[in-house]
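Residue-level listing of the chains:
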Amino acid sequence: MMITILLMACITFFTRYLFLHRALPFKVGSKMQQFLSFSAPAVLTAIWVPIVFINDEGTNLDWQNPYQSAAVVSVIVAYKTHNIYYTTLAGMGLFIILS
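The rules behind each value
- Residues numbered from 1 in each chain as written.
- Predicted model: local features only at pLDDT ≥ 70, side-chain atom pairs only at ≥ 80, totals over all residues.
- Heavy atoms only, no water.
- Helix = DSSP H or I, 4+ residues; strand = E, 2+ residues; numbered from the N terminus.
- Rg over C-alpha atoms; globule rule 2.2 N^0.38 Å.
- Buried < 20%, exposed > 50% of the residue type's maximum accessible area, 1.4 Å probe, protein only.
- Axes fitted to C-alpha atoms, helices over the stretch in contact; angles between N-to-C directions.
- Parallel < 35°, antiparallel > 145°, perpendicular 65-115°, else oblique.
- Left-handed = near helix turned anticlockwise from the far one by under 90°.
- Contact = heavy atoms within 4.5 Å.
- Nonpolar A, V, L, I, M, F, W, Y, C, P; charged D, E, K, R; others polar.
- pLDDT = per-residue confidence, 0-100.

### Digging into the overall build of the chain
Along the chain, the regular secondary structure elements total five helices and two strands. Reading the chain from its N end, one meets helices and strands in the order α-α-α-β-β-α-α. Rg of the C-alpha trace for the chain: 20 Å, well past the compact-globule value of 13 Å for 99 residues, more than 25% over. Out of the 99 residues belonging to the chain, those deemed buried represent 11%.

Quick look at the structure:
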């Protein structure tokens, strides 16, 4: 089991090392950079959508859902302030109050 974990850690490290180390002759083209720019929003969306909209019984679109209310407030604060700290504090604060 430990050998599997170490091998997977090595594979993960070296696949990222190829992209990050400046001395290696591997360069990503502009089209690939543009394509990869969509990966972070896609991954983050795949993480937060199930948390906000799905519970044990299925889809939860109720306004009394604290996850959904905090997400709506977070989007509004992020749009108005463009400040990650205010956005995080507003979303977490409302979630704590509602739950």
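### Brief notes about the packing of helix α4 (residues 66–81) against helix α5 (residues 84–98)
α5 packs onto α4 with a crossing angle of 155° between their chain directions and a minimal axis gap of 8 Å. The angle between the axes of α4 and α5 places the two elements in the roughly antiparallel class. Where α4 crosses over α5, the two elements pack in a sense that is right-handed. Residues Pro66, Tyr67, Ser69, Ala70, Val73, Ser74, Val77, Ala78 and Thr81 of α4 pack against Tyr86, Thr87, Ala90, Gly91, Leu94, Phe95 and Leu98 of α5. Of the residues that constitute the contact of α4 with α5, the class distribution is eleven nonpolar, five polar and no charged.

### Let's talk about the confidence of the model for the chain
Confidence in the prediction of the chain, expressed as mean pLDDT, is 89, and 100% of residues score 70 or more. Here strand β2 (residues 58–59) is the element of the chain with the lowest mean pLDDT, 84, and α5 is the one with the highest, 96.

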